[in-house]
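# Summary of the model geometry
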Amino acid sequence: EYAYGIRYNYGKEGKKKNWQPWDCMRIIMENVGAGENHGCPFRHHEGKILRKELESGPALKAGDVDAIMKKVNDGHYQVACGMHFAALHARELSTGSTNHPNQWYLESRNMLQTAEHPHKSQLKTTHVNVYANKNPAAGDQKAPDMDVFEKMDDSDLL
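In this text, all values refer to a predicted model and were calculated from it rather than measured experimentally. (Residues numbered from 1 in each chain as written. Predicted model: local features only at pLDDT ≥ 70, side-chain atom pairs only at ≥ 80, totals over all residues. Heavy atoms only, no water.)

### Overview of the pattern of salt bridges
Keep this limit in mind: Salt bridges are defined as contacts in which a side-chain nitrogen from Lys or Arg sits within 4 Å of a carboxyl oxygen from Asp or Glu. Partly exposed describes any residue whose relative accessible area lies between the buried limit of under 20% and the exposed limit of over 50%, with all areas from a 1.4 Å probe on protein chains only and scaled to the type maximum. Numbering of helices and strands starts at the N terminus; helices are DSSP runs of H or I of at least 4 residues and strands are runs of E of at least 2.
Considering all chains together, one arrives at five salt bridges under this definition. With a closest N to O distance of 3.2 Å, Lys-70 and Asp-74 form a salt bridge. Owing to a relative accessible area of 43%, Asp-74 belongs among the partly exposed residues under this scheme. Here Arg-91 makes a salt bridge to Glu-107, at a shortest N to O gap of 3.7 Å. Of the two residues, Arg-91 is situated in the loop between α6 (77–89) and α7 (101–116) and Glu-107 in helix α7; the sequence distance between them amounts to 16 residues. Arg-91 sits in the partly exposed class, given a relative accessible area of 35%.

Printed below as a string of structure tokens:
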């Protein structure tokens, strides 16, 4: 039912354009309707719900949650997101505030990989595409090896 739309978004159908994901400003400026689950959580969640989510997540100090909520209430959503990153990872984002959702993910992933492999400053990654076999033999289909996903290059997300 949604297959054409998905193929279109990934540049496989229609204009053959690979659509870039939205940056933070575009997401923040977008309207989110009732019952919809997308957008910037710092912009589109009610204050009480956001505070509850921040407090129930990984161990954030009460002072950090208060500072984040102050920025949210002042309308500085990207700065609040950067403060959330700093509170979770004990390190600032490379740009201070978040410019793109994938930036948050990539910097977080890089920190975790560096922590797991301290002897490697930069992990070498390889760009791979994982597709199901086009003509698998009956009963010959295997689950993908999880190591393949760790080798994927995330630089194309930005």
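### Describing α6
Just so we agree on the cut-off: Helix span, expected: 1.5 Å multiplied by one less than the number of residues in the helix. Note on contacts: a residue pair is in contact if any heavy atoms of the two residues lie within 4.5 Å.
Its 13 residues give α6 an end-to-end C-alpha distance of 18 Å, which sits within 8% of 18 Å, the value for a rise of 1.5 Å per residue. Tyr-77, Gln-78, Ala-80, Cys-81, Gly-82, His-84, Phe-85, Ala-86 and His-89 are the residues of α6 that are buried. Those residues of α6 hidden inside the fold are in contact with α2 (24–29), α3 (41–44), α4 (47–56), α5 (62–73) and α7. Immediately downstream of α6, the backbone of Ala-90 shows phi near 55 degrees, a positive value.

### A short note on the nonpolar core
Convention followed: Nonpolar cores are built from buried Ala, Val, Leu, Ile, Met, Phe, Trp, Tyr and Cys residues. Side-chain atoms within 4.5 Å join them into one set.
Membership of the largest hydrophobic core comes to 14 residues, with the highest contact counts inside it found for Cys-40, Phe-42, Leu-50, Leu-54, Ile-68, Val-72 and Tyr-77. Secondary-structure elements contributing two or more residues to this core are α2, α4, α5 and α6. Element by element, the count of residues in this core is highest for α5, at four residues. Residues in contact with Leu-54, not counting those within four places in the same chain, are Leu-60, Val-65, Ile-68, Met-69 and His-84.

### Let's talk about the packing of α4 against α5
Applied cut-off: Note on method: axes are straight lines fitted to C-alpha atoms, helices fitted across the in-contact stretch only, with angles between N-to-C directions ranging 0 to 180 degrees. In what follows, roughly perpendicular refers to angles from 65 to 115 degrees, roughly parallel to angles under 35, roughly antiparallel to angles over 145, and oblique to any angle outside these ranges. Take the far helix as the reference: if the near one is turned anticlockwise from it by less than a right angle, the crossing is left-handed, and if turned clockwise, right-handed. Three residue categories are used. Nonpolar comprises Ala, Val, Leu, Ile, Met, Phe, Trp, Tyr, Cys and Pro, charged comprises Asp, Glu, Lys and Arg, and polar comprises the others, including Gly.
As a packed pair, α4 and α5 sit with axes 10 Å apart at the nearest point and diverge in direction by 150 degrees. Comparing their axes, α5 and α4 come out roughly antiparallel. The two elements α4 and α5 cross, and the hand of that crossing is right-handed. Together, Gly-47, Leu-50, Arg-51, Leu-54 and Glu-55 of α4 and Val-65, Asp-66, Ile-68, Met-69 and Val-72 of α5 make up the contact between the two elements. Considered class by class, the residues forming the contact of α4 with α5 number six nonpolar, one polar and three charged.

### A word on α5
The test is simple: What the arc measures is the spread of directions leading from the helix axis to the C-beta atoms.
The first and last C-alpha atoms of α5 sit 16 Å apart over twelve residues, in line with the 16 Å expected at 1.5 Å per residue. Among all positions in α5, only Val-65, Ile-68, Met-69 and Val-72 are buried. Looking straight down α5, one finds that the buried residues subtend no more than 100 degrees of arc, so they occupy a single side. On its buried side, α5 packs onto α3, α4 and α6. A positive phi of about 90 degrees marks Gly-75, the residue just after α5.

All we've got here are geometric facts, nothing functional implied.
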